Amino acid sequence: MSTSPNAVAPPRSEVPEAGLGAKGRRISDRPSPVQSSRQHRRTRTVLWQLFAILAVLLIWQMAAVSPLVGDALPGPLQVATAMVGLWGTTSYWTAVLTTVKVWATGLAICTVVGIPLGLLIGISLNATRSTRWVIDFFRTIPTIALLPLVLLLFGPSMNMEITLIVLSAVWPLLIQSMYAVKQVEPVLKWVARVFRVSRRDRIRFLWAPSVTLLVTTGMRLAATIALLMTVSAEYIGGAAGLGKQLAASEQTFNRPEVIAYAITAGILGLGINMVIVFVQHRLLWWHPMIRGARA
Amino acid sequence: MNQPAANQELPAPQPGQTLLSVRNVSKKYGPNEILGDISVDVRAGEFLCIVGPSGAGKTTLLQCLSGLLAPTSGSVSLRGVEVSEPPAEMAIVFQDYSRSLMPWLSVLDNVALPLRSTKMAKAEIKKKSTAALEEVGLAGHLDKYPWQLSGGMQQRVAIARALAFEPAIVLMDEPFASVDAQTRSDLEDLTLKVKQHLGITIVLVTHDIDEAVYLSDRVLVLGGRPTEVVDLIETHLGEDRDQITTKSTPQFAELRARVYQEIRRQTVPAQS
Ligand SMILES: Nc1ncnc2c1ncn2[C@@H]1O[C@H](COP(=O)(O)OP(=O)(O)OP(=O)(O)O)[C@@H](O)[C@H]1O
Ligand SMILES: [Mg+2]
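Residues numbered from 1 in each chain as written. Chains lettered and ligands numbered in written order. Predicted model: local features only at pLDDT ≥ 70, side-chain atom pairs only at ≥ 80, totals over all residues. Heavy atoms only, no water.

Structural notes on the site of ligand 1
Residue and element names in this part refer to chain B.
Next up, step 1: The environment of ligand 1 is made up of Tyr29, Ile34, Pro53, Ser54, Gly55, Ala56, Gly57, Lys58, Thr59, Thr60 and Glu174.
Next up, step 2: Interatomic distance of 2.7 Å between a side-chain N/O atom of Lys58 and an oxygen atom of ligand 1.
Next up, step 3: Thr60 places a polar side-chain atom, nitrogen or oxygen, 2.5 Å from an oxygen atom of ligand 1.
Next up, step 4: Here ligand 1 loses 56% of its free accessible area of 630 Å² to cover by the protein chains.
Next up, step 5: The element that contributes the greatest number of residues to the shell around ligand 1 is helix α1 (residues 58-66), accounting for 3 residues.
Next up, step 6: Its residues assigned to classes, the shell around ligand 1 comprises 4 nonpolar, 5 polar and 2 charged. (Near = heavy atom within 4 Å. Polar contact = N/O pair within 3.5 Å; in protein donor to acceptor, adjacent residues only side chain to side chain. Areas by Shrake-Rupley, 256 points an atom, 1.4 Å probe, with all protein chains shown as cover. Helix = DSSP H or I, 4+ residues; strand = E, 2+ residues; numbered from the N terminus. Nonpolar A, V, L, I, M, F, W, Y, C, P; charged D, E, K, R; others polar.)

Side note on helix α5 (residues 151-164) of chain B
The α-helix advances 3.6 residues per turn, and as a result positions three or four apart in sequence lie on the same side.
Next up, step 1: Across its 14 residues, α5 of chain B extends 20 Å between first and last C-alpha, which sits within 8% of the 20 Å expected from 1.5 Å per residue.
Next up, step 2: Most of α5 of chain B sits out of view: 13 of its 14 residues are buried. (Expected span 1.5 Å × (residues − 1). Buried < 20%, exposed > 50% of the residue type's maximum accessible area, 1.4 Å probe, protein only.)

Some details on the domain arrangement of chain A
Residues and elements named next belong to chain A.
Next up, step 1: When the domains of chain A are assigned, the result is domain 1 (30-73) and domain 2 (76-294).
Next up, step 2: Across the domain 1 to domain 2 interface the summed buried area is about 900 Å²; carbon plus sulfur atoms make up 60%.
Next up, step 3: Counting the contacts that link domain 1 with domain 2 gives 0 salt bridges.
Next up, step 4: For the pair domain 1 and domain 2, the interface holds 0 residue pairs in polar contact (both at pLDDT 80 or more).
Next up, step 5: Split into classes, the residues belonging to the side of domain 1 that touches domain 2 amount to 5 nonpolar, 2 polar and 3 charged. (Domains from an automatic or database assignment. Buried area = accessible area lost by both parts, 1.4 Å probe. Salt bridge = Lys/Arg side-chain N within 4 Å of Asp/Glu carboxyl O.)

Notes on the sheet that holds strand β9 (residues 218-223) of chain B
Residue and element names in this part refer to chain B.
Next up, step 1: An order of β6-β7-β8-β3-β9-β10 is seen for the 6 strands of this open sheet, with the pairing classed as mixed. The open sheet is flanked by β6 (90-93) and β10 (228-234), the only strands paired with a single partner. Direction aside, the axes of adjacent strands within the sheet are offset by 15° on average.
Next up, step 2: Here β6 pairs with strand β7 (residues 169-173) via 4 bridges, running parallel. Bridging from a neighbouring strand, Met90 pairs with Ile169 of β7.
Next up, step 3: Here α1 sits on the sheet in contact with β3 (47-51), β6, β7, β8 (201-206) and β9, set at roughly 155° to β7.
Next up, step 4: Across the sheet, α5 lies against β6 and β7, angled at about 175° from β6, the strand it touches most. (Pairing = 2+ DSSP bridges. Axes fitted to C-alpha atoms, helices over the stretch in contact; angles between N-to-C directions. Contact = heavy atoms within 4.5 Å.)

With respect to the nonpolar core
Next up, step 1: With 151 residues, the main nonpolar core has Leu65, Leu133, Ile169, Val203 and Val259 of chain B as its most contacted residues.
Next up, step 2: Residues in contact with Val259 of chain B, not counting those within four places in the same chain, are Val51, Ile209, Val213, Val219, Val221 and Ile233 of chain B. (Core = buried A, V, L, I, M, F, W, Y, C linked by side-chain atoms within 4.5 Å.)

Remarks on the packing of helix α7 (residues 186-194) of chain A against helix α8 (residues 199-237) of chain A
Residues and elements named next belong to chain A.
Next up, step 1: At a closest axis distance of 11 Å, the pairing of α7 and α8 adopts a crossing angle of 160°. It follows that α7 is roughly antiparallel to α8 by the angle criterion. The handedness of the crossing between α7 and α8 is right-handed. The segment α7 lies against α8, with Leu188, Lys189, Ala192 and Arg193 engaging Arg202, Leu206 and Trp207. (Parallel < 35°, antiparallel > 145°, perpendicular 65-115°, else oblique. Left-handed = near helix turned anticlockwise from the far one by under 90°.)

Side note on a nonpolar patch on the surface
Next up, step 1: On the surface, a cluster of nonpolar side chains totalling about 560 Å² of accessible area is made up of Val46, Leu47, Leu50, Ile53, Leu54 and Leu57 of chain A.
Next up, step 2: Among the secondary structure elements, Ile53 of chain A is positioned in helix α1 (residues 35-65). (Patch = residues over 30% accessible without salt bridge, like charges linked within 9 Å, V, L, I, M, F, W, Y side chains within 5 Å.)

Topic: the pairing of strand β2 (residues 32-43) of chain B
Residues and elements named next belong to chain B.
Next up, step 1: Where strand β1 (residues 18-29) meets β2, 8 bridges bridge the pair, whose relative direction is antiparallel. Along β2, the bridge assignment pairs Val25 with Ile38.
Next up, step 2: Between the antiparallel neighbours β1 and β2 lie 2 residues, among them Gly30 with a positive phi of about 60°.

Digging into the state of the cysteines
What makes a disulfide is a covalent bond joining the sulfur atoms belonging to two cysteines.
Residue and element names in this part refer to chain B.
Next up, step 1: Counted under the stated rule, the structure contains 0 disulfides over all chains.
Next up, step 2: Here Cys49 is not cross-linked by a disulfide; its sulfur's nearest cysteine counterpart is in Cys64, at 19 Å.
Next up, step 3: For Cys49, a relative accessible area of 0% puts it in the buried group. (Disulfide = S-S within 2.5 Å.)

With respect to the packing of aromatic side chains
All names here are of chain A.
Next up, step 1: The tally for this structure, following the rule as stated, stands at 11 aromatic pairs over all chains.
Next up, step 2: Their ring planes at 85° and their centres at 4.9 Å tell us that Tyr92 and Trp93 sit as a pair that is edge-to-face.
Next up, step 3: Taken together, the ring pairs connect Tyr92, Trp93 and Tyr261 into an aromatic cluster. (Phe/Tyr/Trp six-rings, centres within 6.5 Å; stacked < 30°, edge-to-face > 60°.)

Examining a positive patch on the surface
Next up, step 1: A cluster of basic residues, Arg129, Arg132, Lys182 and Lys189 of chain A, forms a positive patch on the protein surface.
Next up, step 2: Relative to the helices and strands, Lys189 of chain A resides in helix α7. (Lys, Arg positive; Asp, Glu negative; His and termini not counted. Charge placed at Lys NZ, Arg CZ, Asp CG, Glu CD.)

Written out as structure tokens, the structure reads:
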């Protein structure tokens, strides 16, 4: 095995670990000296998260029945009923699928453009310096302000949405990738030089693992921004998807459905983030931050 | 770019011949002249320690020797060939073991990584890496990750990586500076044993005078401002050394006192 070291899937080793009550399925096949205490911490975190959700629901219910709000705000039960009702319709699922499809396409373009470009700019000090102003300028433009212009160009279409997604979500990826390259340990770069590691192996065993943390963090930011942008473009720009459905429910004053659609977008965002964090942990099982050795 | 040629077939260096020649090397960082005019010939098969006060430029000198850093003037040559990039016959053990090993690679893979870039067959790579790790006493830890090992063990992995590369000369930059005293003497003895066993040349930088005298065939004392060669001392302590008996010989005490005085003479007036 050893002759083909693989940074992603290390060989399972029978490491004599102290206090290993490893039941966790996520990274339990990697050696981790702090598995059992992590497991414990995770259970407690989940309990607290459930508690927080309950608290929010309770406050929501109280606000909904309070005379101050009147019947402008539907309560959680009403929304739940509306949600279950929506689940039975094809228009709901078509909207979810359309939004996810547009989001994924936009994010894919951001990835293909942002990561390589960021890495390349990051490698060169000159490129970093000379692009700094341009990048800072473009990334501070509120993309939503460009919506009318883009809408005029493409109409309420997928192209309009993707343009807006790329314009807003490519920046965090680009910038995180630029920083990622600069974070590579200089001693390891010397090691690669002194031991004459081939270019291929340098990319595979030095650069790729070194940039993973920041690049995946950039992915997480970009994914969230892209989803926000997708729904906004649908809502304001009128392209098909969750945002458009939400706007339609609004026009018919179906408030429980409006909130049900908003919650759907929230659940999507949560799920997307969970997937990315999961992948991040799979790739970075060796990282001090992730294996829990240091905070 | 780099020719992967870790195991080039070259005639074995004759003991005593000049292996690495340092000619009038000086180094400036901007206006600051760190290294004055340093010349020394490293002989094949010897153990040369470089001692000098902190900040003297020992690391800088080592980087010039390895081709990682270009000297401002002067030249370094290995077997008559000018060094401008790290040569295939040279390996380095860096001071900071926690940074010089890859946490995403197992111990065995860390050692094997340089060999993958050679034409060596996979089975051969594994055999060589395992042998190097056995040499440093880590045979039972091949599948662990660096962060699962103690500092001393991590530095032994770095030493094994250097040995598996089969260099003619190994440069070490304060390799034992950040381990405890007991581990330090163990690693010193390990280094001596490995050097005798494999017949390699070692240049080791340290600011510990005892360590320098105990390990060396010759001690290069640096001092002054900019840093220059103060003395080059043959230790004549013989092949077999022992932490207790060698260090209690009058000869050892004499050498130690001599180096100590030379370093003090260099640093005390500089402070006034
Ligand atoms: N890249 C650099 N740019 C500017 N000055 C530097 C650089 N690297 C080192 N120096 C300076 O050169 C001097 C020598 O540094 P060096 O690290 O070689 O000393 P050293 O003898 O190895 O010290 P120590 O024993 O503390 O490791 C120091 O004064 C340091 O500040
Ligand atoms: Mg140093």
